[in-house]
Amino acid sequence: MPLEIDIITIFPRMLDGVLGESILKRAQEAGLAKIRCVNLRDFATGVHLTTDDRPYGGGPGMVMKPEPVFKAVDHLRRPESKVLLMTPQGEPFKQATAAALAREKHLIIICGHYEGVDERIRTALVDQEISIGDYVLTNGVIAAAIVTDAVVRLLPGALGGEGAADDESFSDGRLEYPQYTRPPVYRGMGIPEILTSGNHAEIAKWRLEQSQARTRQRRPDLQA
Ligand code: ADE
């Protein structure tokens, strides 16, 4: 069964390029993932099909109205669905989060826009709030695209080479070791001799050491 992902946004066209290229495109064509963009405006009512309104209590900016979001989620939700909200207030998105989401059957991703969303959306609809980092984007659809990308590439068969996702940065809590490809000398720069030695045990040892050193140096917050 493909992983189904419904992304609810007022900017569905922003996702066209991201979903229509590369691994995300191939994963959909191969039947591994089924990704749909849901236009929140289709669930809005009134002449102007508004999805936002001024905050109670005053203050700047606009707040996402509850009705269209509740209606959209009611329309899409099944017993096995997991409802995510993209927001800078959410839990930090990590490789482990992506791996857990890749095991789900159906993700409904609500993209926040404006100053925020009506709190009742959070409390009554959402299973998990996710932030992609400590900065504020203009809208959650970019964050949803990032989460979708990180999740879909982990689906079995999504990456060409078997095991390609096993050895990369973060998969084992470390940053990846340095990689080289041909030519052996480029602009006077060579490659580490060990990599052409054919000694796989020594190469594995070198890579582990490089990976540990790089992690300690660049990301001491990750346990190397
Ligand atoms: N929407 C706006 N900023 C965001 C962030 N950092 N993560 C997730 N969604 C967001």
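Residues numbered from 1 in each chain as written. Predicted model: local features only at pLDDT ≥ 70, side-chain atom pairs only at ≥ 80, totals over all residues. Heavy atoms only, no water.

1. Quick word on the pattern of salt bridges
So, step 1. A full pass over the atoms with the stated rule returns 13 salt bridges.
So, step 2. As a salt-bridge pair, Glu-4 and Arg-36 come within 2.8 Å of each other at their nearest N and O atoms. Of the two residues, Glu-4 sits in strand β1 (residues 3-9) while Arg-36 sits in strand β2 (residues 33-39), which places them 32 residues apart along the sequence.
So, step 3. On the basis of relative accessibility, which here comes to 31%, the residue Arg-36 falls in the partly exposed class.
So, step 4. Here Arg-219 ties to Asp-221 by a salt bridge, and the two come within 2.9 Å at their closest N and O atoms.
So, step 5. Residue classification places Asp-221 among the exposed residues on the basis of a relative accessible area of 53%.
So, step 6. Residues joined in a network through salt bridges with shared partners are Glu-4, Asp-6, Arg-36, Arg-78 and Glu-80. (Salt bridge = Lys/Arg side-chain N within 4 Å of Asp/Glu carboxyl O. Helix = DSSP H or I, 4+ residues; strand = E, 2+ residues; numbered from the N terminus. Buried < 20%, exposed > 50% of the residue type's maximum accessible area, 1.4 Å probe, protein only.)

2. Comments concerning the nonpolar core
So, step 1. Ile-5, Ile-7, Met-86, Phe-93, Leu-101, Val-147 and Val-152 are the most contacted members of the largest nonpolar core, which totals 30 residues.
So, step 2. Take this core: its biggest share by element is eight residues, from helix α6 (residues 140-152).
So, step 3. Excluding its chain neighbours within four sequence positions, the residues that come into contact with Met-86 are Ile-109, Ile-110, Gly-112, Ile-130, Ile-132, Gly-140, Ala-143, Ala-144 and Val-147. (Core = buried A, V, L, I, M, F, W, Y, C linked by side-chain atoms within 4.5 Å. Contact = heavy atoms within 4.5 Å.)

3. Regarding unusual backbone geometry
Excluding glycine, residues mostly carry a negative phi; peptide bonds, for their part, are mostly trans.
So, step 1. Geometrically, the link from Arg-182 to Pro-183 is a cis peptide bond, its omega value of 5 degrees lying close to zero.
So, step 2. Mapped onto the elements of the fold, Pro-183 is located in the loop between α6 and α7 (200-218).
So, step 3. Positive phi values are uncommon outside glycine, yet Ser-22 reaches one of about 60 degrees.
So, step 4. With respect to the helices, strands and loops of the structure, Ser-22 is situated in helix α2 (residues 22-29).
So, step 5. Even without being glycine, Leu-49 reaches a positive phi, approximately 50 degrees.
So, step 6. Residue position: Leu-49 is located in the loop between β2 and β3 (52-53).

4. Examining α6
In an α-helix, one full turn covers 3.6 residues, which means residues spaced three or four apart are oriented alike.
So, step 1. For α6, built from 13 residues, the straight-helix expectation of 18 Å at 1.5 Å per residue is met to within 8% by its first-to-last C-alpha distance of 18 Å.
So, step 2. Of all the 13 residues making up α6, ten are buried; the element is thus mostly covered by neighbouring parts of the structure.
So, step 3. Here α6 has its buried residues at Gly-140, Val-141, Ala-143, Ala-144, Ala-145, Val-147, Thr-148, Ala-150, Val-151 and Val-152. (Expected span 1.5 Å × (residues − 1).)

5. Quick word on the side chain of Gln-128
So, step 1. Within the secondary structure layout, Gln-128 lies in strand β8 (residues 128-131).
So, step 2. Here the side chain of Gln-128 touches Lys-82 through a polar contact of 3.3 Å, side chain to side chain.
So, step 3. Residue contacts for Gln-128: discarding those within four places in its chain leaves Lys-82, Val-83, Leu-84, Leu-85, Glu-91, Thr-97 and Leu-101. (Polar contact = N/O pair within 3.5 Å; in protein donor to acceptor, adjacent residues only side chain to side chain.)

6. A few points about the domain arrangement of the chain
Accessible area lost on assembly of the parts is the figure often given for the size of an interface.
So, step 1. The domain boundaries assigned to the chain delineate domain 1 (3-152) and domain 2 (167-224).
So, step 2. Computed from C-alpha coordinates alone, the two centres of domain 1 and domain 2 are separated by 36 Å. (Domains from an automatic or database assignment.)

7. Considerations on the sheet that holds strand β4 (residues 63-64)
So, step 1. In spatial order, the strands read β3-β4-β7; together these three strands make up an open sheet with mixed pairing. One side of each edge strand has no neighbouring strand; the edge strands of this open sheet are β3 and β7 (116-117).
So, step 2. As judged from the two bridges shared by β3 and β4, these two strands associate in the antiparallel manner. Each residue of the ladder has a partner; that of Asp-53, found in β4, is Val-63. (Pairing = 2+ DSSP bridges.)

8. Notes on the pairing of strand β6 (residues 106-111)
So, step 1. Among the six residues in β6, six count as buried, and that is most of the element.
So, step 2. Covered by surrounding structure in β6 are His-106, Ile-108 and Ile-110 together with Leu-107, Ile-109 and Cys-111, the residues of both alternating faces.
So, step 3. The pairing of β1 with β6 spans five bridges and is classified as parallel. In the sheet register, Ile-8 faces β6, and the bridge partner there is Ile-110.
So, step 4. Two elements, strand β5 (residues 81-92) and β6, share six bridges in a ladder whose sense is parallel.

9. Observations regarding a nonpolar patch on the surface
So, step 1. Together, Phe-11, Met-14, Tyr-135, Leu-137, Ile-142 and Ile-146 line one region of the surface with nonpolar side chains, adding up to about 500 Å² of accessible area.
So, step 2. Mapped onto the secondary structure, Tyr-135 falls in the loop between β8 and α6.
So, step 3. Of the residues examined, Tyr-135 reaches a relative accessible area of 45% and is grouped as partly exposed. (Patch = residues over 30% accessible without salt bridge, like charges linked within 9 Å, V, L, I, M, F, W, Y side chains within 5 Å. Areas by Shrake-Rupley, 256 points an atom, 1.4 Å probe, with all protein chains shown as cover.)

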